[in-house]
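Here is how the chains run, residue by residue.
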Amino acid sequence: MTLVAEFRDVAVIRDGNAILSGVNWSVQDDERWVIIGPNGAGKTTLLQMLAAQEHPTDGVVTILGERLGQGDLFELRPRIGFASTAMARRIPANESVLDVVLTAAWAVTGRWNEEYDDVDVKRAKRVLREWKLDHLEERTFGTLSDGEQKRTMIARAIMTDPEILLLDEPAASLDLGAREELVDLLGEFASSDMAPVIVMVTHHVEEIPAGFTHVLVMSQGRIHAAGPIADVLTSSVLTEAFGLPLTVTKSDGRYSARGSRSV
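Residues numbered from 1 in each chain as written. Predicted model: local features only at pLDDT ≥ 70, side-chain atom pairs only at ≥ 80, totals over all residues. Heavy atoms only, no water.

K.L.:
When you look at the nonpolar core in this model, what are you seeing that I'm missing?
P.N.:
Inside soluble globular proteins, nonpolar side chains tend to come together where they are buried. Trp131, Met153, Ile154, Leu167, Val215, Val217 and Leu233 are the most contacted members of the largest nonpolar core, which has 55 residues in total. In contact with Trp131, not counting residues within four places along its chain, are Arg151, Ile154, Ala155, Ile158, Leu182, Leu185, Leu186 and Phe189. Judged by nonpolar contacts, the second largest core, of 33 residues, contains Ala41, Ala51, Ala52 and Ile164. (Core = buried A, V, L, I, M, F, W, Y, C linked by side-chain atoms within 4.5 Å. Buried < 20%, exposed > 50% of the residue type's maximum accessible area, 1.4 Å probe, protein only. Contact = heavy atoms within 4.5 Å.)

Set out below in structure tokens:
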């Protein structure tokens, strides 16, 4: 195993408020992590540091051998794929699906004067096929459904063959069918030996793909529990983290959770 990312006694302070505090966490190259916790727990802030988009106020964050604040972020960031709603909002509505994915090679969000090799085009088309988007490559991004847009953003994040893939609530706002299609595709991808390290933030355990191996449970800016998903994603852990009785069940490699308070 190879260490991919490490947080040592990390804190993030904004306007005198502790967004994160006392975070100690490491990610190995054969792990697929889910980050879960209540709103305001610090999940997205943690993901932004993994994306080298935010620095800690205190502590040490090391990503792919580079310490944040000391290395060259312009060299580090292309090694990290990041799919999020915020990124999707930066994509021009009239950009073709093929160009949305292709432009990741130049780290731009709209086709302009840059030139692309045939190998770039072939790779973009292959990634679109893998994510069941090849029939949409000439469609404009703004005409896609939520599910199609989210899969397009994941395809874009994978286009550059990143060493770490970060997903910020990839199934949020999707209907049941679109969610299940995306979760199945993510599960297949995460189970592949060729997949990079994956870290995904979600609010719902039902959205955790079957191929994920570890879970990080956050609460009030701290790590409440972390480790192998079978050991950590339990009724008692989530009950403590969310502050109400919850029952976690597992079926066919997928989890679900519901309130267990007596009526």
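Okay, back to it.
K.L.:
Would you mind showing me how to read the packing of helix 5 (residues 118-130) against helix 6 (residues 146-159) here?
P.N.:
To describe two helices that pack against each other, one gives the angle between their axes and the distance between the axes. Between helix 5 and helix 6, the least distance of the axes is 9 Å, while the angle of their chain directions is 140°. Judged by the inter-axis angle, helix 5 sits oblique to helix 6. The hand of the helix 5/helix 6 crossing is right-handed. Two secondary-structure elements touch here, helix 5 through Asp120, Arg123, Ala124 and Val127 and helix 6 through Ala155, Ile158 and Met159. Along the lines of polarity and charge, the residues of the contact of helix 5 with helix 6 split into five nonpolar, no polar and two charged. (Axes fitted to C-alpha atoms, helices over the stretch in contact; angles between N-to-C directions. Helix = DSSP H or I, 4+ residues; strand = E, 2+ residues; numbered from the N terminus. Parallel < 35°, antiparallel > 145°, perpendicular 65-115°, else oblique. Left-handed = near helix turned anticlockwise from the far one by under 90°. Nonpolar A, V, L, I, M, F, W, Y, C, P; charged D, E, K, R; others polar.)

K.L.:
Before we go on, may I ask you to explain the sheet that holds strand 8 (residues 197-201) in this structure?
P.N.:
The strands making up a sheet associate through hydrogen bonds between their backbones, and the pairing can be parallel or antiparallel. On the basis of which strands lie adjacent, the open sheet formed by six strands has the order 6-7-8-3-9-10 and mixed pairing. Across the chains shown, the open sheet's two edge strands, defined by having one partner strand only, are strand 6 (80-83) and strand 10 (222-228). For this sheet, the mean angle separating the axes of adjacent strands, direction not counted, is 15°. Bridging between strand 6 and strand 7 (residues 164-168) involves four bridges; their strand directions are parallel. What sits directly across from Gly81, in strand 7, is Leu165. Running over the sheet, helix 6 touches strand 6 and strand 7 and is turned about 170° from strand 6. Its contacts with the sheet place helix 9 (residues 235-242) against strand 3 (32-36), strand 9 (214-219) and strand 10, and it is angled at close to 30° to strand 9. (Pairing = 2+ DSSP bridges.)

K.L.:
Which parts of the structure should I look at to understand the sheet that holds strand 2 (residues 17-28)?
P.N.:
Spatially, 2-1-4-5 is the arrangement adopted by the four strands of the open sheet, whose pairing is antiparallel. Here the strands that pair on one side only, and so sit at the sheet edges, are strand 2 and strand 5 (66-67). In terms of strand pairing, strand 1 (residues 3-14) meets strand 2 through eight bridges, oriented antiparallel. Counterpart to Phe7 in the pairing with strand 2 is Trp25.

K.L.:
Would you mind going over unusual backbone geometry with me for this structure?
P.N.:
Among all residues except glycine, the phi angle is most often negative; among peptide bonds, the trans geometry is most common. For Asp161, which is not glycine, the phi dihedral falls at a positive 55°. Following the sequence through the fold, Asp161 ends up in the loop between helix 6 and strand 7. The exposure class assigned to Asp161 is exposed, which follows from its relative accessible area of 56%. Unusually for a residue other than glycine, Glu169 sits at a positive phi of about 50°. With respect to the helices and strands, the residue Glu169 is situated in the loop between strand 7 and helix 7 (176-191).

K.L.:
I tried to follow helix 5 on my own but got confused; where do I start?
P.N.:
Since the α-helix packs 3.6 residues into each turn, any two residues three or four apart lie on the same face. The terminal C-alpha atoms of helix 5, which comprises 13 residues, lie 18 Å apart, in line with the 18 Å expected from a rise of 1.5 Å per residue. Among all positions in helix 5, only Asp120, Ala124, Val127 and Leu128 are buried. Taken down its axis, helix 5 places every buried residue within 100° of arc, on the same side. Away from its buried face, by an angle of more than 90 degrees, helix 5 presents the exposed residues Asp118, Val119 and Lys122. (Expected span 1.5 Å × (residues − 1). Arc of directions from axis to C-beta.)

K.L.:
Hey, could you run me through the pairing of strand 10 in this one?
P.N.:
Regular strands have side chains that alternate between both faces of the sheet. Of the pairings in the sheet, the one linking strand 9 to strand 10 comprises six bridges and is antiparallel in character. Across the sheet, residue Val217 finds its bridge partner in strand 10, namely Ala225. Turn length for the strand 9-strand 10 hairpin, with the two strands adjacent in sequence and antiparallel, is two residues, and the turn residue Gln220 shows positive phi of about 55°.

K.L.:
Would you mind going over the side chain of Thr45 with me for this structure?
P.N.:
Looking at the secondary structure, you find Thr45 in helix 1 (residues 43-50). Taking relative accessible area as the criterion, Thr45 reaches 8% and is therefore assigned buried. Not counting residues up to four positions away in its chain, the partners in contact with Thr45 are Val12, Arg14, Ile19, Leu20 and Glu54.

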